[in-house]
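If you want the building blocks of each chain, they are given just below.
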Amino acid sequence: MAEIIQEEKQKGGKRRPKKGSTHIDMTPMVDLMCLLITFFMLTTAFSKPKVMEIVLPDKIKKDQKIDPPKIADSRTLNIILGPDDIVYWYPGKPDASKPLQKTDFSANGIRQILLDRNLALFKKIEKFQKDVIAGKINIQPDSVRTAIKALKNDDDTGPIVLIKFYKKAKYKNLVDIIDEMSIVGIARYILTDIYPIEEVMVETALASAPKTLTPPIAKK
Amino acid sequence: MPKIKLPSKSPHIDMTPLVDLFSLLLTFFMLTATMKTSEPAPIDTPSSVSEKPSPDANIMTVVLAKDNRVFFNVDNGKDTILHFRTKILEEMGKRYNIVFTPAELRQFEQYGTSMGVAMNDMKAFLAAKDPKVKSALEKGIPIDSVDNQMAYWVLYTREVNPAVQALIKGDADVEYPVVKKVLDILQDKNVSRFSLVTNLRKVEVTSDKK
């Protein structure tokens, strides 16, 4: 190691001056290193933030006239995101006489509803992924996503989900619902504006719901 | 019987292996360190299952803070060698009839985080030394239809760097109308493909009924 043991030689009458030990005290250096390591460990951002890609359709200019694409009522599923993470949904056309169905973002909430409707496609994707993992299908990892996209494109059984936002919804709800779409493997969904009639429906649903919290009465 | 003489040991502990290990760890952390970028407002991003890592360069980030202020950032902090930020600020200055001095442009280039300053406060913001004064000026970039400065930031950033990707980094509790406005601005400026910054979470779903 870093120490050199010198034997004291004594020759004749001449005495050499006693040599100091060549030991270097490394404690301060270790202290400093400890500090620096701690600093770097705490400031390092290991988990890079992830991103979720979404694509919006091009905006239709006011002078342009494009008929909205026609979709079957039976396949549409409308989701309205309300305040406090409440999810309202109804199938088909808006109908003010029918109350909105209420659910939430839990695993048995909106995910189950979407999964039930999208089961055929979901099973296809699931089987494909299992085959890839089991090695039955030899495919590059990059092309897995493309293959799943192709499966989604070919699908014509799953629901067409229209996602609408009540004005009190939060950004988190937007991310969550798009996330549910990718979890369940919904092929077709779109973010659209809420209709006035749907806003009224949400408001009636909110008013009829039993209030768990009594709002504080403001004194004037 | 003679006593067995134990060799007298010095109480020194040999620290060399310790030092070796520490220098290794230190080098590792120094080389892998990518500093956490601080934001002018705390942003608690929501979680998603997406595993795509966020890009490092050629990005513009619209930051939505909890108090509905909107911030804007190009390339996550300080300017790259391509000097996009100076060009963007010059264009913005032309639009709003403000002439920036080279010193101010350099200040803008070196500014490390996203900013949420209206254009008429920009000069004061760049001149300010006190962080308190700076944060007081950060009222968020106007996004309403009367004075839609965010739209011009997006427009000029795309003009200066056509390869730029749009990111939205929002706090989980931002209200939807603000999000909607930002999405509308992006859509208006023909940015139809963009990414939302999220944290990773794991979700297991199978088609089997429980």
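Residues numbered from 1 in each chain as written. Chains lettered and ligands numbered in written order. Predicted model: local features only at pLDDT ≥ 70, side-chain atom pairs only at ≥ 80, totals over all residues.

### With respect to the overall build of chain A
Right, so step 1: The helix and strand tally for chain A stands at six helices and six strands.
Right, so step 2: The N-to-C order of helical and strand elements in chain A reads α-β-β-β-β-α-α-α-β-α-β-α.
Right, so step 3: Taken across its 220 residues, chain A has 22% of its residues classed as buried.
Right, so step 4: Counting only contacts in chain A whose residues sit at least 6 apart along the sequence, the fraction spanning at least 24 positions is 66%. (Helix = DSSP H or I, 4+ residues; strand = E, 2+ residues; numbered from the N terminus. Buried ≥ 20, exposed ≤ 12 C-beta atoms within 10 Å, placed from the backbone. Contact = placed C-beta atoms within 7 Å.)

### Describing unusual backbone geometry
Right, so step 1: In this model, D85 of chain A sits at a positive phi of 60 degrees, which is unusual for a non-glycine residue.
Right, so step 2: Along the chain, D85 of chain A falls in the loop between strand 2 (76-81) and strand 3 (87-91).
Right, so step 3: One non-glycine residue, N190 of chain B, adopts positive backbone phi at about 60 degrees.
Right, so step 4: With respect to the helices and strands, N190 of chain B occurs in the loop between helix 7 (176-188) and strand 6 (193-200).

### As for the pairing of strand 6 (residues 188-191) of chain A
All names here are of chain A.
Right, so step 1: Sheet analysis places strand 5 (residues 160-165) next to strand 6, joined by four bridges and oriented parallel. Paired with I160 across the bridge in strand 6 is R188.
Right, so step 2: Handedness of the crossover is the feature at issue here: the chain leaves strand 5, passes through helix 5 (residues 171-184), returns alongside strand 6, and the resulting connection is right-handed. (Pairing = 2+ DSSP bridges. Right-handed = clockwise from strand over helix to strand, strands pointing away.)

### Some words on the interface of chain A and chain B
Right, so step 1: Of the residues lining the interface, 45 residues belong to chain A; the matching set on chain B comes to 53 residues.
Right, so step 2: Listing elements by their share of the side of chain A that touches chain B, those giving two or more residues are helix 1 (27-43), strand 1 (50-55), helix 3 (119-134) and helix 5 of chain A.
Right, so step 3: Counted by class, the side of chain A that touches chain B contains 28 nonpolar, four polar and 13 charged residues.
Right, so step 4: In this structure, strand 1 of chain A lies alongside strand 2 (residues 52-53) of chain B, joined through two bridges in antiparallel fashion. (Nonpolar A, V, L, I, M, F, W, Y, C, P; charged D, E, K, R; others polar.)

### What about the sheet that holds strand 5 of chain A?
All names here are of chain A.
Right, so step 1: With respect to topology, five strands assemble into an open sheet ordered 4-3-2-5-6, the strand pairing being mixed. With one partner strand each, in any of the chains shown, strand 4 (101-103) and strand 6 form the two edges of the open sheet. Each adjacent strand pair in this sheet contributes to an overall mean axis angle of 25 degrees, direction not counted.
Right, so step 2: Against the sheet, helix 5 makes contact with strand 2, strand 5 and strand 6, and its axis sits at roughly 155 degrees relative to strand 2, the strand it touches most. (Axes fitted to C-alpha atoms, helices over the stretch in contact; angles between N-to-C directions.)

### Concerning the domain arrangement of chain A
All names here are of chain A.
Right, so step 1: In terms of domains, chain A is made up of domain 1 (73-118 + 159-208) and domain 2 (119-157).
Right, so step 2: A straight line from the C-alpha centre of domain 1 to that of domain 2 covers 26 Å.
Right, so step 3: Contacts between domain 1 and domain 2 engage six residues on the former and six residues on the latter.
Right, so step 4: A class-by-class count of the residues in the side of domain 1 that touches domain 2 yields three nonpolar, two polar and one charged. (Domains from an automatic or database assignment.)

### Here's the deal with the environment of Q165 of chain B
Residue and element names in this part refer to chain B.
Right, so step 1: Looking at where Q165 falls in the secondary structure, it is placed in strand 5 (residues 165-170).
Right, so step 2: Sequence separation between Q165 and V74 is 91 residues, and the spatial gap between their C-alpha atoms is 9.9 Å.
Right, so step 3: Residues within four places of Q165 in sequence aside, it is in contact with P55, N58, I59 and S195.

### Quick word on the packing of helix 2 (residues 110-117) of chain A against helix 5 of chain A
Between two packed helices, both the angle of their axes relative to each other and the distance between the axes serve to describe the pair.
Residue and element names in this part refer to chain A.
Right, so step 1: Where helix 2 contacts helix 5, the two axes come as close as 10 Å, and the packing angle between them is 40 degrees. By the angle class used here, helix 2 and helix 5 are oblique. Between helix 2 and helix 5 the crossing geometry is right-handed. Across the interface between the two elements, I110, R111, L114 and L115 of helix 2 pack against E180, I183 and V184 of helix 5.
Right, so step 2: A class-by-class count of the residues in the contact of helix 2 with helix 5 yields five nonpolar, no polar and two charged. (Parallel < 35°, antiparallel > 145°, perpendicular 65-115°, else oblique. Left-handed = near helix turned anticlockwise from the far one by under 90°.)

### Re the confidence of the model for chain B
Right, so step 1: Of all residues in chain B, 90% attain a pLDDT of 70 or more, and the chain-wide mean is 80.
Right, so step 2: For this predicted complex, the interface score ipTM comes out at 0.74, alongside a pTM of 0.73. (pLDDT = per-residue confidence, 0-100.)

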